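The lines below spell out each chain.
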Number of protein chains: 6
Amino acid sequence: MTGIVIREFERAPQDEIDALAGLGVATVHEAQGRTGLLKPYLRPIYPGAAIAGSAVTVSVAPGNNTMIHVAVEVCRPGDVLVVAPTSECRDGYFGELLATSLRQRGVRGLVIDAGCRDVAPLTEMGFPVWSRAVNAQGTVKDTLGDVNLPLVCAGQPVNAGDIVVADDDGVVVVPRARSSAVLASARARLAREEANRARFQRGELGLDIYGMRPRLEAQGLVYYETLSDYHGKA
Amino acid sequence: MTGIVIREFERAPQDEIDALAGLGVATVHEAQGRTGLLKPYLRPIYPGAAIAGSAVTVSVAPGNNTMIHVAVEVCRPGDVLVVAPTSECRDGYFGELLATSLRQRGVRGLVIDAGCRDVAPLTEMGFPVWSRAVNAQGTVKDTLGDVNLPLVCAGQPVNAGDIVVADDDGVVVVPRARSSAVLASARARLAREEANRARFQRGELGLDIYGMRPRLEAQGLVYYETLSDYHGKA
Amino acid sequence: MTGIVIREFERAPQDEIDALAGLGVATVHEAQGRTGLLKPYLRPIYPGAAIAGSAVTVSVAPGNNTMIHVAVEVCRPGDVLVVAPTSECRDGYFGELLATSLRQRGVRGLVIDAGCRDVAPLTEMGFPVWSRAVNAQGTVKDTLGDVNLPLVCAGQPVNAGDIVVADDDGVVVVPRARSSAVLASARARLAREEANRARFQRGELGLDIYGMRPRLEAQGLVYYETLSDYHGKA
Amino acid sequence: MTGIVIREFERAPQDEIDALAGLGVATVHEAQGRTGLLKPYLRPIYPGAAIAGSAVTVSVAPGNNTMIHVAVEVCRPGDVLVVAPTSECRDGYFGELLATSLRQRGVRGLVIDAGCRDVAPLTEMGFPVWSRAVNAQGTVKDTLGDVNLPLVCAGQPVNAGDIVVADDDGVVVVPRARSSAVLASARARLAREEANRARFQRGELGLDIYGMRPRLEAQGLVYYETLSDYHGKA
Amino acid sequence: MTGIVIREFERAPQDEIDALAGLGVATVHEAQGRTGLLKPYLRPIYPGAAIAGSAVTVSVAPGNNTMIHVAVEVCRPGDVLVVAPTSECRDGYFGELLATSLRQRGVRGLVIDAGCRDVAPLTEMGFPVWSRAVNAQGTVKDTLGDVNLPLVCAGQPVNAGDIVVADDDGVVVVPRARSSAVLASARARLAREEANRARFQRGELGLDIYGMRPRLEAQGLVYYETLSDYHGKA
Amino acid sequence: MTGIVIREFERAPQDEIDALAGLGVATVHEAQGRTGLLKPYLRPIYPGAAIAGSAVTVSVAPGNNTMIHVAVEVCRPGDVLVVAPTSECRDGYFGELLATSLRQRGVRGLVIDAGCRDVAPLTEMGFPVWSRAVNAQGTVKDTLGDVNLPLVCAGQPVNAGDIVVADDDGVVVVPRARSSAVLASARARLAREEANRARFQRGELGLDIYGMRPRLEAQGLVYYETLSDYHGKA
């Protein structure tokens, strides 16, 4: 069941991937029907990074990063590595040398449902990582896993070639075949938000912008001037 | 039991509130008898913010931010929104648009026993949030809650009009009626600390500054020159 | 069993300690056979600090920082305070005044398996702390503990005089007597890494640099061009 | 702020309290508008207990059970002890001897937002405890707290004399003054459930019993015979 | 994206499903190449249950069990309900009445990545549940989800018709199409284990039964008679 | 650093070990000065077991139980296996076959800072295990560790030959050389407790039995008849 490497997979158009990076994780998540969000325990090792790329999926044994080295060879510019251990493990699978290697390949970042180390040099070189933990305890190299088979990372199924979008809010995965549709939906959503932002900036309320008042009234929302009024009537 | 909004409540004097902001959460917590601290899992989304304001309390259903929109309308300049879900939920209830709306109202920040998203734009606009999680998964709008009823947020009872003080150390709540007393106590405490700081800076020890030696001796504290001495006598 | 203070203990040569600070926690941990790492839940209160020093160990009761004050008196320049509560407690045992006191003594930082407060002033004064939590709730002063007896901090045994190395990746402890050997081993490791880094920067793969291919083949690693190829053969 | 003991408080009628014990925590929680539930991390130390009683509230310092001893003296038959530490602590504050003492007083059980020990003898003597942890580490006796002041236990405000109901599902608190109303509401709810149970046992569906179909249709629920049908239309 | 119900799906042969129930979760997990295990935080509400069945998958909104009622209607004898919330939620989605309804349909149990309540009556009626939490806080009925679409439950992808096996060790999912192969593999594994068990019972060691000694020697395992011997040579 | 097996070590007298088993973890922990308790997250897989034995220590790689097999060979009747992974891992390292093997050797139980599986058969055969998790995911066999070197298990240092005492309250370790002293101290403590229990059973209060009243008064404990009295005076 392990020890499988798939070298090739289809990627979404690079311009669509790049466009998704600028839209933000929260917007993309909403735009695809509130699906695809990895669990929020994945956090960036430094603030401010915002990337998107094609997923290269890597399944690793606990405490063992052999398959990350194997995966480097099949990465292409614009990819993002997505690593999940076969059982929960917070070891520091990844550090500066692997980042150097991935950067040479044009890889944009790492998403790992485990630990990362070398946080200071990674920050300095600007290689972004979203991880479950920071952990100086590294890994050994002696157990197989898989590259580019489907896996579950932080609660979400990810296939090689799916688009990973990551920023300070977390990580979302977009199925490869849906990239155009999600991009269009996200842009439409942003446009609506832009219009709404202008209204919010003018001081209008969400209650009015979203037309919430009638529904709230129908649901039985009641206003009292003071707490005493409420207690008096309750 | 839900669907109640209280529009008005009494607020502490604004100058007292503002003065508390500068004193720090740790000092205020000590000054009111070591009470009122919200659980330390609430963390600021960016470092360096330090605010105080009158609490507008919002009780929300899991996954549902309807009542935050309702609450905006009753906020005044100098308020701080305090949001607690009726059952544990780490969804991202709050983002940039609501922050824009609150800022228009003069609201100083948000304390939420749940998740927050849009961390990067919130940081850029300088709207501070103390939350339990960062989570790109937003919420929907269809279930009622309450505004300005008493609630428990991160382990502390909060009433509308109580004073919320928040900084890098966390969040503390001061009952409205006690603001003057707590402010006086905090200032006295800071003055003592200032005097002590000077002594610490001169190299004096807490053992002497706080007069701890006699009590320690009475409790049986024993000094040995070396570990061997101790083992020899033990 | 408590109320013991050991005033003196042997320290490693200061130049060796200083040299370890520059090598990084991850490297030191590897260099001493992947031992000595404190649990990764200890996190720095601000990024970028990197220190090493001789451990002064402090065992404290839950909610009680008496013994930290006691410990200050036996600290020397170059020391690092290592504090562990006798049962789990995340109270804020440590703040600005104690840091001021320790700095006067030349202490380089604090490692505490509990909480810390005054994060903003500690950051401003540049006194680094690695803690389990940030917590504005302070402690009281009335229960004894021990200073410079052996203890376990965040999962690792620490003796007074052991060398503590801490940076953004976490905290590792080096037994005093092994400082020379670990330093030599860490330097050798860094030299190898330096050579490898150059190769990674030229685009060589870890698979080749570490000679992994034959072993992977022996373990049964199989490459397929596409997922379809794999499914066709599986 | 600490060191206060209130000897007397009003209790709800004993027959109402006893009646609530038989209704179950889930029912009582629903019956009072889904309020008052303590956080579900409180678990019984053995299965099968189901009690109700008047709360005697005890605030304790971390690692210190002095005030539980103080509280015993003010307990009466039918009471339940509700203990909360002033900062998070999982020490084993309570064991067999205190249970023996409480049983002599007619106390029905303990709810503690901390640890409990002597699980085997407590199980044998049938003294029920709902706790956050089982922990053999006991506490010492040297710091004051309060008895019968209002406190927050596991996220819920509790006042002396409030009614605590606890069973395998957890712990719920009913404000003293609401006991009659909640009891009536809970009984009505149980009667409805009894009727519904009979319908469920006959094979009727909740969709019909609760009249959910029209609303679901209005919300847009769509049925497909097979996944292929759905994909064909989607 | 939500509000979809798929009525029909293919099920594995009932005799294969029933056979898997008797083999145990650990064995089935090994037999399918160490895949398919749900996260171990899912625990049975009472010990001793061991079931298998065809998955009916239910995606629910946080705090909302509408779709469980919808799912009951499409269940058949031998099914197991698999419920996952769209964001983390530990509310008590499920209790005695739903269990009564499901039992009428011949459903064998529930696996839920959330909370369950009515533990005592569920235990009495022998309806097994594997849940993330026990929580008396129930849910409301007003938000759509999906039935029998693919989902991720406790870290594993589950499709309608997949086989769910659950016992005191946890929960594993077997893809429907692999039931025969996994059953055969599990039986072969059990036969080998049976033979090994006899050898273990005679006192033979795993070192010999599994032929581990040569490999251990090759890896460099070294035996010393005493710790002193080791320190003398190290 | 790994791959070391120490075959022989000194054990405490068997009668002392056996006597400690009957005294209970809480008593032994108190009797040795409140030291030696393993973290309370270790829980028994079934209630009611109470054992003591000489520790055989096993350090294992994450996801790898090779060294447990190695350790079996050096176990003697009356021993208890103490297993700790080199980095956090909750895999199910241990199950029925290893228990069968250990039972043949006269081993009394297992303490493991990781996961255990085969809970139902282990319960049936009455082989007690204290573990951090129940997890059907087993381990593989390919990485070395150590046997009978000192290690830290669940926060406590353990040496081969130390005495492990475990019951429903948790696990405590007694240094081998202190067994007589701890046994004597524990018996004296139990005798005192026995006397106290009789007094508690007669209705005397801890306040009087432990002579707490004068100290409480000195610390400033104040009694009020009612909450109104307190508010009136405060």
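Residues numbered from 1 in each chain as written. Chains lettered and ligands numbered in written order. Predicted model: local features only at pLDDT ≥ 70, side-chain atom pairs only at ≥ 80, totals over all residues. Heavy atoms only, no water.

Focus: the relation of the copies chain C and chain B
Note the cut-off: Our superposition of the copies is a least-squares fit, built on the C-alpha atoms of residues whose pLDDT is at least 70 in both.
Between chain C and chain B, the superposition needs a rotation of 120° and an axial shift of 0.0 Å, giving an RMSD of 0.0 Å. On this basis, the relationship between the two copies can be described by a three-fold rotation axis.

What about the interface of chain C and chain B?
To keep it simple, the criterion reads: Should any heavy atoms of two residues lie within 4.5 Å, those residues are considered in contact. Summed over both partners, the accessible area lost on bringing two parts together, with a 1.4 Å probe, is the buried area. Take a side-chain nitrogen of Lys or Arg and a carboxyl oxygen of Asp or Glu: if they are within 4 Å of each other, that pair is a salt bridge. Under the rule applied, a polar contact is a pair of N or O atoms within 3.5 Å (in protein, one hydrogen donor and one hydrogen acceptor; residues adjacent in sequence only if both atoms are side-chain atoms). We count a stretch as a helix when DSSP gives it H or I for four or more residues in a row; a strand needs E for two or more, and each element gets its number in order from the N terminus. When residues are sorted by character, Ala, Val, Leu, Ile, Met, Phe, Trp, Tyr, Cys and Pro go into the nonpolar class, Asp, Glu, Lys and Arg into the charged class, and all the rest, Gly among them, into the polar class. DSSP calls a pair of strands paired once it identifies at least 2 bridges connecting them.
With 35 residues of chain C at the contact, the number on the chain B side is 37 residues. Between chain C and chain B, the buried area comes to about 3,200 Å², and carbon and sulfur atoms account for 60% of it. The interface formed by chain C and chain B includes four salt bridges. Residue R117 of chain C pairs with E30 of chain B through a salt bridge whose shortest N-O separation is 3.0 Å. The tally of links from chain C across to chain B stands at 14 residue pairs in polar contact (both at pLDDT 80 or more). Contributing elements (two or more residues each) for the side of chain C that touches chain B: β1 (4–6), α3 (66–72), α4 (96–104) and α5 (119–125) of chain C. Taken together, the residues that form the side of chain C that touches chain B break down as 14 nonpolar, 12 polar and nine charged. Pairing geometry for strand β13 (residues 222–224) of chain B and β1 of chain C, over three bridges, is parallel.

Here's the deal with the interface of chain A and chain C
On the chain C side, the residues contacting the 35 residues of chain A number 37 residues. Across the chain A-chain C interface, the total number found is four salt bridges. R7 of chain A serves as the salt-bridge partner of E225 of chain C, at 3.2 Å between the closest nitrogen and oxygen. Viewed at the interface, chain C and chain A are joined by 14 residue pairs in polar contact (both at pLDDT 80 or more). Those elements giving two or more residues to the side of chain A that touches chain C turn out to be β1 (4–6), α3 (66–72), α4 (96–104) and α5 (119–125) of chain A.

Quick look at the packing of helix α6 (residues 179–201) of chain B against α4 of chain C
What counts, and what does not: Only C-alpha atoms enter the line fits that serve as axes; for helices the fit covers just the stretch in contact. Angles between N-to-C directions range over 0 to 180 degrees. Roughly parallel refers to an angle under 35 degrees, roughly antiparallel to one over 145, roughly perpendicular to one between 65 and 115, and oblique to any angle outside these ranges. We call a crossing left-handed when the near helix sits turned anticlockwise from the far one by less than a right angle, and right-handed when that turn is clockwise.
Orientation of α6 of chain B relative to α4 of chain C, taken along the N-to-C sense of each, is 15°, at an axis distance of 8 Å. With respect to α4 of chain C, the axis of α6 of chain B lies roughly parallel. Both α6 of chain B and α4 of chain C take part in a crossing whose hand is right-handed. Of α4 of chain C, the residues touching α6 of chain B (which contributes E193, N196, R197, F200 and Q201 of chain B) are E96, L97, T100, S101 and Q104 of chain C. Broken down by class, the residue content of the contact of α6 of chain B with α4 of chain C amounts to two nonpolar, five polar and three charged.

As for the pattern of salt bridges
Our working rule: Under the scheme applied here, a residue whose accessible area is under 20% of the maximum for its type counts as buried, over 50% as exposed, and between as partly exposed, the area being computed with a 1.4 Å probe on protein chains only.
Applying the stated rule across the entire model yields 108 salt bridges over all chains. Between R213 of chain A and E73 of chain B there is a salt bridge; the shortest N-O distance is 2.9 Å. A residue pair is termed interchain when its members come from two chains, as with R213 of chain A in helix α8 (residues 213–219) and E73 of chain B in the loop between α3 (66–72) and β4 (79–85). For E73 of chain B, a relative accessible area of 23% gives the class partly exposed. Two residues, D79 of chain C and R11 of chain C, come together in a salt bridge whose shortest N-O distance is 2.7 Å. You can see D79 of chain C sitting in strand β4 (residues 79–85) and its partner R11 of chain C sitting in the loop between β1 and α1 (14–21), a full 68 residues away along the chain. Taking relative accessible area as the criterion, D79 of chain C reaches 0% and is therefore assigned buried. What you see here is one network of salt bridges that share partners, running through E30, R34, R189 and E193 of chain A together with R117 of chain B.

Remarks on the side chain of D118 of chain F
Note the cut-off: Think of it this way: Lys and Arg go in the positive column, Asp and Glu in the negative one, and His and the chain ends go nowhere.
With respect to the helices, strands and loops of the structure, D118 of chain F is situated in the loop between β5 (109–116) and α5 (119–125). Among buried Asp, Glu, Lys and Arg side chains, D118 of chain F stands out as unpaired, with R117 of chain F the closest opposite charge at 4.9 Å. A polar contact of 2.8 Å, which involves the side chain of D118 of chain F, links it to the backbone nitrogen of E96 of chain F. Apart from residues no more than four positions distant in its own chain, D118 of chain F is found in contact with A26 and D169 of chain E together with G95 and E96 of chain F.

Considerations on the side chain of S59 of chain B
Residues and elements named next belong to chain B. When you line up the elements, S59 lands in strand β3 (residues 51–60). For S59, a relative accessible area of 14% gives the class buried. The residues contacting S59, other than those within four sequence positions of it, are M67, A84, T86, G145, D146 and L151.

Points about helix α1 (residues 14–21) of chain A
Every buried residue of α1 of chain A is accounted for by E16, I17, A19, L20 and A21 of chain A. At its buried positions, α1 of chain A is contacted by α2 (25–31), β3 (51–60), β11 (163–167) and α6 (179–201) of chain A.

Some thoughts on the confidence of the model for chain A
Convention followed: Per-residue confidence from the predictor is reported as pLDDT, a score between 0 and 100.
In this model, chain A carries a mean pLDDT of 96, and residues with pLDDT of at least 70 account for 99%. At the level of chain-chain contacts, confidence expressed as ipTM amounts to 0.95, with global pTM at 0.96.

Considering the packing of aromatic side chains
For clarity, the threshold we go by: Each aromatic pair joins two rings of Phe, Tyr and Trp (for Trp, the six-membered one) with centres within 6.5 Å, and gets the label stacked for planes under 30 degrees apart, edge-to-face for over 60, and tilted for any other angle. A ring has a charge above it when a Lys NZ or an Arg CZ is no more than 6 Å from the ring centre and no more than 35 degrees off the ring normal.
One pass over the full model with this rule turns up 18 aromatic pairs over all chains. The positively charged end of R132 of chain A is found above the aromatic ring belonging to Y41 of chain A, 3.8 Å away from the centroid. The ring of Y210 of chain B has K141 of chain C sitting right over it, with the charged end atom 4.9 Å from the ring centre.

Things to note about the environment of A49 of chain B
Secondary-structure assignment places A49 of chain B in the loop between β2 (43–44) and β3. For A49 of chain B, a relative accessible area of 11% gives the class buried.

Details of unusual backbone geometry
Although it is not a glycine, D118 of chain A adopts a positive phi angle of roughly 65°. A relative accessible area of 17% means that D118 of chain A is categorised as buried. Even without a glycine there, the phi angle at A154 of chain D is positive, about 50°. Taking relative accessible area as the criterion, A154 of chain D reaches 2% and is therefore assigned buried.

Concerning the pairing of strand β12 (residues 170–174) of chain B
All names here are of chain B. Taking burial as the measure, the five residues of β12 include five buried ones, the bulk of the element. Of the two faces of β12, the one holding G170, V172 and V174 and the one holding V171 and V173 are both buried throughout. Pairing of strand β11 (residues 163–167) with β12 involves five bridges; the strand directions are antiparallel. The residue of β12 that forms the bridge with D167 is G170. Here β11 hands over to β12 after two residues, the two strands then running antiparallel side by side.

Description of the packing of helix α1 (residues 14–21) of chain D against helix α6 (residues 179–201) of chain D
All names here are of chain D. Between α1 and α6, the shortest axis-to-axis distance is 10 Å and the interhelical angle comes to 35°. When you trace α1 past α6, the crossing you get is left-handed. For the pair α1 and α6, contact is made by E16, A19 and L20 and by S179, S180, V182, L183 and R187, respectively. Of the residues that constitute the contact of α1 with α6, the class distribution is four nonpolar, two polar and two charged.

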